[in-house]
Amino acid sequence: MKFATRAIHAGQEADPATGATITPIYQTSTYTQEGLGEHKGFEYSRTSNPTRAALEACLAALENARYGLAFGSGMAATSAVLSILRPGDHIIAGDDLYGGTYRIFERVIRPMGITIDYVPARETGAYQAALRPETKLIWVETPTNPLLALVDIAAVANIAREHGARLVVDNTFATPYLQRPLDLGAHIVVHSTTKYINGHSDVVGGAVLTSDEQAYTDIKFYQNAAGGVPSPFDSWLVLRGVKTLAVRMRQHCENAMRIAEFLAEHTLVRDIYYPGLPAHPDHELAQRQMAGFGGMVSFAFDGTRADVDTFVRHLKVFALAESLGGVESLCCHPASMTHGSIPAEERERRGVTDTLLRLSVGIEDADDLIADLDQALQAVAATRSTAISGAAR
Ligand SMILES: *Cc1c(COP(=O)(O)O)cnc(C)c1O
């Protein structure tokens, strides 16, 4: 079956107990057993729950994975993958990571005796050069956050495989609709289902998908041991959200392209980051590796932090908010919001400057989104000309 069909049906046969067409919310912690050791496959809901199991099967089907595991957040999914490491192990990570991933690497994993080296995300050779005998994981996001650089998944997967390490791809930004890392040779996919997978900004959740049996066994062990699982209701909401992933992603991509083209032409915009633009340094790789260019657009003002503040205050349709991937458009200031936990010099060095904004382009009418950006940019231009005439006086 093709993607859009799997998103609606995989793991979601009619309920065996009642025939309910939609997977029920099995809001139960425990399950009555017939006799000693005799049950229907469920004993306790930290270990497994039918609503969660349906979600896990559906997400696995979308990533072409043999196994799926759902978590209570993207970070719970990330920490479950990291649980397979032991003191002395080494991680190579792309350098433009979700702030929370950087935080768990630096503040939780490193103090446990695991070392991490960051390499420029788009430089394939840098991953090879950073390998050490104790390298166990290579960890990448692509497109990266917030600068939307691409990692050549197939090439980095090869480097990992030849070394006997595993490549983990955080596929949150692209979603399996646009990019399937396991098909390209990656070993483990991580998602914050909070974002596009659920798509309605009403759940925090995560998932791990893999066809690597040993990794699955170890991560599933940790899922049950540590217990960072999603509730039955949240599992159900994500199952409901993911049904429309294909249509949503098509609209996100279409709207984002129009907005990127609009911003690229604007005099107040200094840099624009969108892999769909032919001028983007990874445009060719994006065409090869992705089925569309995604809904995230970042841009930097030719101006000051004060201009950024004027701009965000004037937005009416775009909300100034963290997160991404919902049907509604959001605007985020990475330096003070999502990437606030990265030290300032480190941030600037990576290009996450004070005038950078990241848009999560929703699926509203693109004309309204462009009009909103346009009027907020005009407000910036107006404050600037007032400041100039004031100075001349
Ligand atoms: C949001 C996000 C995470 C963390 O997910 P939570 O659901 O917020 O815990 C990890 N990676 C990326 C790329 C994200 O955008």
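Counting restarts for each chain, with residues numbered from 1 along the sequence as it is written. Reporting in this predicted model follows two pLDDT cut-offs: at least 70 for local features of residues, and 80 or more for side-chain atom pairs to be given and counted; totals over whole chains, interfaces and linings ignore these cut-offs and use all residues. Only hydrogens and water are set aside when side-chain values are computed; all heavy atoms of the structure are taken into account.

With that settled, the discussion passes to the nonpolar core. In globular proteins that are soluble, nonpolar side chains generally tend to be buried together. Among the nonpolar cores identified, the biggest contains 37 residues, and Leu59, Leu62, Tyr177, Leu209, Val242 and Leu245 are the most heavily contacted of them. At the level of secondary structure, the elements contributing two or more residues to this core comprise helix 1 (3-9), helix 2 (50-62), helix 7 (175-178), strand 7 (206-210), helix 9 (232-242), helix 10 (245-264) and helix 11 (283-289). Top element by residues in this core is helix 2. It accounts for six residues. Where each domain starts and ends follows an automatic or database-derived domain assignment. Structurally, this core is a two-domain feature, drawing no fewer than three residues from each of domain 1 (3-242) and domain 2 (245-392). Note on contacts: a residue pair qualifies if any of its non-hydrogen atoms lie within 4.5 Å across the two residues. Once you skip the residues sitting within four places of it in the chain, Leu209 turns out to touch Leu59, Ala60, Glu63, Ala65, Tyr67, Gly68, Leu69, Leu182, His187, Ile188, Val189 and His191. We define the nonpolar core as a collection of buried residues of types Ala, Val, Leu, Ile, Met, Phe, Trp, Tyr and Cys that are connected through side-chain atoms lying within 4.5 Å of one another. Relative accessibility thresholds used throughout: buried, under 20% of the residue-type maximum; exposed, over 50%; partly exposed, between the two (1.4 Å probe, protein chains only). Counting 27 residues, the second largest nonpolar core, distinct from the first, contains Tyr67, Leu97, Leu137 and Ala215. Numbering of helices and strands starts at the N terminus; helices are DSSP runs of H or I of at least 4 residues and strands are runs of E of at least 2.

The next subject is helix 6 (residues 153-163). Regarding helix 6, the residues found buried are Ile153, Val156, Ala157, Ile159 and Ala160. Buried positions in helix 6, seen along its axis, are confined to an arc of 160° and lie on one side of it. Buried residues in helix 6 make contact with helix 5 (124-129), strand 4 (135-141), strand 5 (166-170) and helix 11. After helix 6 finishes, the residue Gly164 shows a positive phi value of roughly 80°. Working definition: the arc comes from the directions between the helix axis and the C-beta atoms, pointing outward to the latter.

For strand 9 (residues 296-301), the buried fraction is high: six of the six residues fall into the buried class. When strand 8 (residues 269-273) meets strand 9, the two strands line up antiparallel, connected through four bridges. Note on strand 9: the bridge partner recorded for Tyr273 is Ser298. The pairing of strand 9 with strand 12 (residues 356-360) spans five bridges and is classified as antiparallel. Two strands are counted as paired when DSSP detects at least two bridges linking them.

What follows concerns the environment of Gly99. Tracing the backbone through its elements, the reader meets Gly99 in helix 4 (residues 99-109). Judged by relative accessible area, which is 1%, Gly99 ranks as buried.

We now examine the packing of aromatic side chains. Centres within 6.5 Å make a pair out of two Phe, Tyr or Trp rings, where for Trp the six-membered ring is used; the pair is then stacked when the planes are under 30 degrees apart, edge-to-face when over 60, and tilted otherwise. Scanning all chains against the criterion turns up nine aromatic pairs. Ring centres of Phe3 and Tyr177 lie 5.4 Å apart, and the angle between their planes is 65°; on these two criteria the pair is classed as edge-to-face. Highlighted residues: Phe3 in helix 1 and Tyr177 in helix 7, separated in sequence by 174 residues. We note that Phe3, like Tyr177, is buried. Note on Tyr67 and Tyr216: the rings are 4.0 Å apart at their centroids and 10° apart in plane angle, and the pair reads as stacked. You can see Tyr67 sitting in strand 1 (residues 67-71) and its partner Tyr216 sitting in helix 8 (residues 213-226), a full 149 residues away along the chain. You'll find Tyr67 and Tyr216 in the same group, each marked buried. Chaining the aromatic ring pairs together yields one cluster made of Phe299, Phe301 and Phe311.

A few words on the side chain of Ser45. With respect to the helices and strands, the residue Ser45 is situated in the loop between helix 1 and helix 2. Counting of polar contacts relies on pairs of N or O atoms within 3.5 Å, with two restrictions inside protein: one atom must be capable of donating a hydrogen and the other of accepting it, and residues adjacent in sequence are counted only when both atoms are side-chain atoms. Polar contacts involving the side chain of Ser45 include one to the main-chain carbonyl oxygen of Thr28, which spans 2.6 Å. Only 2.7 Å separates the side chain of Ser45 from the side chain of Tyr31, close enough to count as a polar contact.

Taken domain by domain, the protein chain holds domain 1 (3-242) and domain 2 (245-392). When each unit is reduced to the centre of its C-alpha atoms, the spacing between domain 1 and domain 2 is 28 Å. Between domain 1 and domain 2, the contact holds 40 residues from the first and 43 residues from the second. Counting the surface lost from both domain 1 and domain 2, the interface buries some 3,300 Å², and carbon and sulfur atoms represent 61% of this. Buried area is understood as the total, over both parts, of accessible area removed when two parts are fitted together, assessed with a 1.4 Å probe. The largest per-residue losses of area from domain 1 upon contact with domain 2 belong to Leu147, Leu178 and Tyr196, which jointly make up 23% of the total buried on that side.

Another aspect to go through is the site of the ligand. We call a residue near a molecule or strand when any one of its heavy atoms sits within 4 Å of it. In the vicinity of the ligand, 14 residues are found, and the nearest of them are Gly74, Asp170, Ser192, Thr194 and Lys195. Note that a nitrogen atom of the ligand is positioned 2.6 Å from one of the side-chain N or O atoms of Asp170. The contact in question runs from an oxygen atom of the ligand to an N or O atom on the side chain of Lys195, over 2.7 Å. In the complex, 92% of the free accessible area of the ligand, which totals 380 Å², lies under the protein chains. Asp, Glu, Lys and Arg are counted as charged, while Ala, Val, Leu, Ile, Met, Phe, Trp, Tyr, Cys and Pro are counted as nonpolar; the rest, among them Gly, fall into the polar class. Here the residues of the shell around the ligand are counted per class, giving five nonpolar, six polar and three charged. Surface exposure here means Shrake-Rupley accessible area, sampled with a 1.4 Å probe, where a residue is shielded only by the protein chains that are shown.

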